[in-house]
Number of protein chains: 2
Amino acid sequence: MGWLRVHGSPSPGFHAGDRLALVVFIASTRTSTIPGISVAGPSPEATLYTPALDVEYLVAGRPITFNVIPVTPEGIPTPALISRAALKLLNIPTLIVDVGSFLEPKIPHTRMPSRSVGGSIDSEDALAEGVSKKLFEESRLLASTLSKGLDFIVGESMPGGTTTALSIMEALGYKARFRVSSASPSNPHDLKVRVVERAFKRSNINPPERDVFKTIDRVGDPLHISIAGFLSGALEGGSKILLAGGTQMCAVLAILKSLGVELGGRVMVGTTGWLVNDSQSDMRGLLNDIAPEVPLLAAEMDFSDSPFEGLKYYDKGYVKEGVGSGGLLTVLAVKGWSKGDVKRAVYGEYGRVMGYEAR
Amino acid sequence: MGWLRVHGSPSPGFHAGDRLALVVFIASTRTSTIPGISVAGPSPEATLYTPALDVEYLVAGRPITFNVIPVTPEGIPTPALISRAALKLLNIPTLIVDVGSFLEPKIPHTRMPSRSVGGSIDSEDALAEGVSKKLFEESRLLASTLSKGLDFIVGESMPGGTTTALSIMEALGYKARFRVSSASPSNPHDLKVRVVERAFKRSNINPPERDVFKTIDRVGDPLHISIAGFLSGALEGGSKILLAGGTQMCAVLAILKSLGVELGGRVMVGTTGWLVNDSQSDMRGLLNDIAPEVPLLAAEMDFSDSPFEGLKYYDKGYVKEGVGSGGLLTVLAVKGWSKGDVKRAVYGEYGRVMGYEAR
């Protein structure tokens, strides 16, 4: 466990169970197409394709809709690469849940009846009135049909997500400005704040808002409310949940707190050291403000000895997290995998994807 | 276990595992709209709605698209009622997989990218060329992402399914005429045979066909090939599978045999005594011809003391099986539930659905 940092007291035995399943939620918010907001795609418009391509690659081993692995404008590959390598080692059931992906992924996936692509919150409502409540209830139902005897690692892929997470947390009364993370080493905090301010003004949101669903319909997105619904159902079903992600997961917890959902010592957050140690965001502070009882695990991965330049950028503050990668790494660490073995798996996967073997 | 009949030698410990999950495949074939073929709906056209309504009710406790429980023309309720009562006792994860339902169910469900409603085989191809191969591979992929550490009970809902099952088994070289089951006490064997003969003539099928996928595209349906693909992937992933259904599951096994898939002692069939003891069909003989190594379990349920007339019809040869009900009952029997306790659960559920309490 030498590469795991633990903040808070994890519930005993959480990871030891062999009944873990990975659930990856995907959605799009057109907020990601505002130039400068997201680097989770080679261009602002291309960020709309990233969620489907991420999970196609994660499940089938290659993107299907287009034959390209999602990359940043600099060509740095999606964290789904880490997720897939980790998943191979963990060997656990995986479920993809589409709550509003711009592209329908060409793999078997769970489809939410009320799935919707989120609007660009600076200029339009995120969701039609009432949709966030439906997404919450449908996700809660999904969890209640799955939770019998299973515990969950919950990841996500939605470019633009830290901006809508900022919007959700601020709208619900938490101070989140300049604290959310970014896949870019130059976090565009000023732009995110301007987008959120425009969203609040446009839709007459005055923090702290008490009506969670109205707030999400106006200035949120389809993803965070769905994950919150899933957690609600999974907790009712007796499951434990590891939220596998960064500051976006704080928005999920903010929703649950506003709804009065009792977390009952069965929720943790797992992410990467890249994210927790990032000087441009404040994961620990946000989590402490919103849900101080929730332990935070961080996997201190590094790719300093990577044979591939693309991965070395992770050490320089690019990408940091996504598609459940950080949480999956923390589970591997808890289960006793060495950092070296996990690195080798990631390098091997990268080599396979790029069409040549890691040296 | 007094209400369980076992034919063959079940693999030891199959049901004892607490890692079971239920997977219900749904699809439509327009073959069900041929008057007289199917009673799995109040009218021939309404049979197209039955799969979605069945799983909406199974998962959410009530049908959502229309507020009606699927019934036969006589008003006898869907076997999903038994499945839901059984599922509550078993308390296991459940997944709905839509491979071509006429209606998209308004609950969270797994969606197969190549999902297609099947054509009416007497007058049109079942599937566009190549679709059955895609459905097989997509279902295999789904199983491979789920099978890690899970075993499966696999059920289905597709009206018209015994007719396309007959078509598949005959096309692949098995003698299945006058041997498939029916939800009606007056099995319309002659009509089914005429439909299949027209289908073979129309599409130039000459048994025994060697090309499974071509055969399914022309005279099959989206359901059986998908379940076969799921089994193939689940077996590769090390899972055990209980096929929860009647003579349709023999068509699934016929597909797997034609594809040379090794069942490896990890597949069983679980159904009801109503079906196995039916004088108008030949479940045991079909299974013995196609896959004699596969054990058959039958739950000897009866509703003779039911306070509800609708259920008493089950004892008179109506419905018999469907939506995984028989297999779920066999699992309850193996796990030691008494017939009386299970009956009480079914009566309680029937009373709840009908809006009054069982006496």
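In the block above lies the structure referred to throughout.
Rules used throughout
Residues numbered from 1 in each chain as written. Chains lettered and ligands numbered in written order. Predicted model: local features only at pLDDT ≥ 70, side-chain atom pairs only at ≥ 80, totals over all residues. Heavy atoms only, no water. Helix = DSSP H or I, 4+ residues; strand = E, 2+ residues; numbered from the N terminus. Rg over C-alpha atoms; globule rule 2.2 N^0.38 Å. Buried < 20%, exposed > 50% of the residue type's maximum accessible area, 1.4 Å probe, protein only. Contact = heavy atoms within 4.5 Å. Areas by Shrake-Rupley, 256 points an atom, 1.4 Å probe, with all protein chains shown as cover. Lys, Arg positive; Asp, Glu negative; His and termini not counted. Charge placed at Lys NZ, Arg CZ, Asp CG, Glu CD. Buried area = accessible area lost by both parts, 1.4 Å probe. Salt bridge = Lys/Arg side-chain N within 4 Å of Asp/Glu carboxyl O. Polar contact = N/O pair within 3.5 Å; in protein donor to acceptor, adjacent residues only side chain to side chain. Nonpolar A, V, L, I, M, F, W, Y, C, P; charged D, E, K, R; others polar. Pairing = 2+ DSSP bridges. Least-squares fit on C-alpha atoms with pLDDT ≥ 70 in both. Axes fitted to C-alpha atoms, helices over the stretch in contact; angles between N-to-C directions. Parallel < 35°, antiparallel > 145°, perpendicular 65-115°, else oblique. Left-handed = near helix turned anticlockwise from the far one by under 90°. Core = buried A, V, L, I, M, F, W, Y, C linked by side-chain atoms within 4.5 Å.

### Focus: the overall build of chain A
Link 1 in the chain: Looking only at helices and strands, one finds 13 helices and eight strands in chain A.
Link 2 in the chain: Since a compact globule built from 359 residues should have a radius of gyration of about 21 Å, the 18 Å found for chain A is in line with a globular shape.
Link 3 in the chain: The principal-axis extents of the C-alpha atoms in chain A amount to approximately 55 × 40 × 40 Å.
Link 4 in the chain: Relative to its 359 residues, chain A shows a buried fraction of 65%.
Link 5 in the chain: Sequence-distant contacts, at least 24 apart, represent 80% of the contacts inside chain A between residues at least 6 apart.
Link 6 in the chain: In the form shown here, chain A has an accessible surface area of approximately 11900 Å², with 49% of it arising from carbon and sulfur atoms.
Link 7 in the chain: Averaging the coordinates of the 37 positive side-chain charges in chain A and doing the same for the 37 negative ones gives two points 1 Å apart.

### Focus on the environment of Leu223(A)
Residues and elements named next belong to chain A.
Link 1 in the chain: Inspection of the secondary structure puts leucine 223 in helix α7 (residues 222-236).
Link 2 in the chain: We classify leucine 223 as buried; its relative accessible area is 0%.
Link 3 in the chain: Residue contacts for leucine 223: discarding those within four places in its chain leaves Phe25, Ile26, Ala27, Val99, Glu156, Met158 and Gln248.

### Side note on the interface of chain A and chain B
Link 1 in the chain: Contacts between the two partners involve 24 residues from chain A, matched on the other side by 24 residues from chain B.
Link 2 in the chain: Where chain A abuts chain B, roughly 2100 Å² becomes buried across the two surfaces, and 68% of that area is made up of carbon and sulfur atoms.
Link 3 in the chain: It is Pro108(A), Arg111(A) and Lys148(A) that lose the most area in chain A upon contact with chain B, and together they represent 27% of the buried surface on that side.
Link 4 in the chain: Summed over the shared surface of chain A and chain B, the number is two salt bridges.
Link 5 in the chain: The tally of links between chain A and chain B comes to nine residue pairs in polar contact (both at pLDDT 80 or more).
Link 6 in the chain: At the level of secondary structure, the elements contributing two or more residues to the side of chain A that touches chain B comprise α1 (50-60), β3 (94-100), β4 (109-111) and α3 (131-146) of chain A.
Link 7 in the chain: Ranked by residues supplied to the side of chain A that touches chain B, first place goes to α3(A) with five residues.
Link 8 in the chain: Among the residues making up the side of chain A that touches chain B, the classes are represented as 14 nonpolar, five polar and five charged.
Link 9 in the chain: Pairing of β4(A) with strand β4 (residues 109-111) of chain B involves three bridges; the strand directions are antiparallel. Residue His109(A) lies in a different strand from β4(B), and its bridge partner there is Arg111(B).

### Comments concerning the relation of the copies chain A and chain B
Link 1 in the chain: The transformation that overlays chain A on chain B combines an axial shift of 0.0 Å with a rotation of 180 degrees, and the residual RMSD is 0.0 Å. Look at the turn and shift together and you get a two-fold axis relating the two. No C-alpha of chain A lies nearer the rotation axis than that of Thr110(A), which sits 1.9 Å from it.
Link 2 in the chain: When you check the interface residues of chain A against chain B, 100% turn up at the interface there too, and the contact is symmetric in its surfaces.

### What to know about the pattern of salt bridges
Link 1 in the chain: For the coordinates displayed, the defined rule picks out 47 salt bridges over all chains.
Link 2 in the chain: Of the charged contacts in the structure, one is a salt bridge between Glu104(B) and Arg111(A), with a shortest N-O distance of 2.8 Å. Here Glu104(B), found in the loop between β3 (94-100) and β4, pairs with Arg111(A), found in strand β4, and the two come from separate chains.
Link 3 in the chain: Of the residues examined, Arg111(A) reaches a relative accessible area of 12% and is grouped as buried.
Link 4 in the chain: Here Asp282(A) makes a salt bridge to Arg179(A), at a shortest N to O gap of 3.0 Å. Here Asp282(A) is found in the loop between α9 (273-276) and α10 (283-290), whereas its partner Arg179(A) is found in the loop between α4 (161-171) and α5 (189-203), with 103 residues between them in sequence.
Link 5 in the chain: With a relative accessible area of 28%, Asp282(A) lands in the partly exposed category.
Link 6 in the chain: Assessed through its relative accessible area of 15%, Arg179(A) is described here as buried.
Link 7 in the chain: Through salt bridges with shared partners, a single network forms among Arg84(A), Lys88(A), Glu349(A) and Arg352(A).

### Topic: the packing of helix α4 (residues 161-171) of chain B against helix α5 (residues 189-203) of chain B
In a pair of packed helices, the angle between the axes and the distance between the axes together describe the arrangement.
All names here are of chain B.
Link 1 in the chain: Contact pair α4 / α5: the axes reach a minimum separation of 10 Å and the direction vectors enclose 55 degrees. Comparing their axes, α5 and α4 come out oblique. Pair α4 / α5 crosses with right-handed handedness. Where α4 approaches α5, its residues Thr162, Thr163, Leu166, Ser167, Glu170 and Ala171 are matched on the opposing element by Lys192, Val193, Val195, Val196 and Phe200.
Link 2 in the chain: Grouping the amino acids of the contact of α4 with α5 by side-chain chemistry returns six nonpolar, three polar and two charged.

### Topic: unusual backbone geometry
Link 1 in the chain: The step from Pro207(A) to Pro208(A) runs through a cis peptide bond, and the omega angle for that step is -5 degrees.
Link 2 in the chain: Note on placement: Pro208(A) falls in the loop between α5 and α6 (212-219).

### A closer look at the packing of α3(A) against α6(A)
All names here are of chain A.
Link 1 in the chain: Two elements in contact, α3 and α6, have axes separated by 7 Å at closest approach and are oriented at 110 degrees. The orientation of α3 with respect to α6, classified from their angle, is roughly perpendicular. Here α3 contributes Val131, Ser132, Lys133 and Phe136 to the contact with α6, which in turn contributes Phe213, Ile216 and Asp217.

### Things to note about the nonpolar core
Link 1 in the chain: Counting residues in hydrophobic clusters, the biggest one holds 150 residues, and the most contacted among them are Met169(A), Leu253(A) and Met169(B).
Link 2 in the chain: Setting aside chain neighbours within four positions, we find Leu253(A) in contact with Leu243(A), Leu263(A), Val267(A), Val269(A), Leu287(A), Ile290(A), Ala291(A) and Val294(A).
Link 3 in the chain: Grouped together as the second largest cluster of nonpolar side chains are 48 residues, Leu22(B), Ile82(B), Trp274(B) and Val319(B) included.

None of the figures reported here should be taken as evidence of function without further support.
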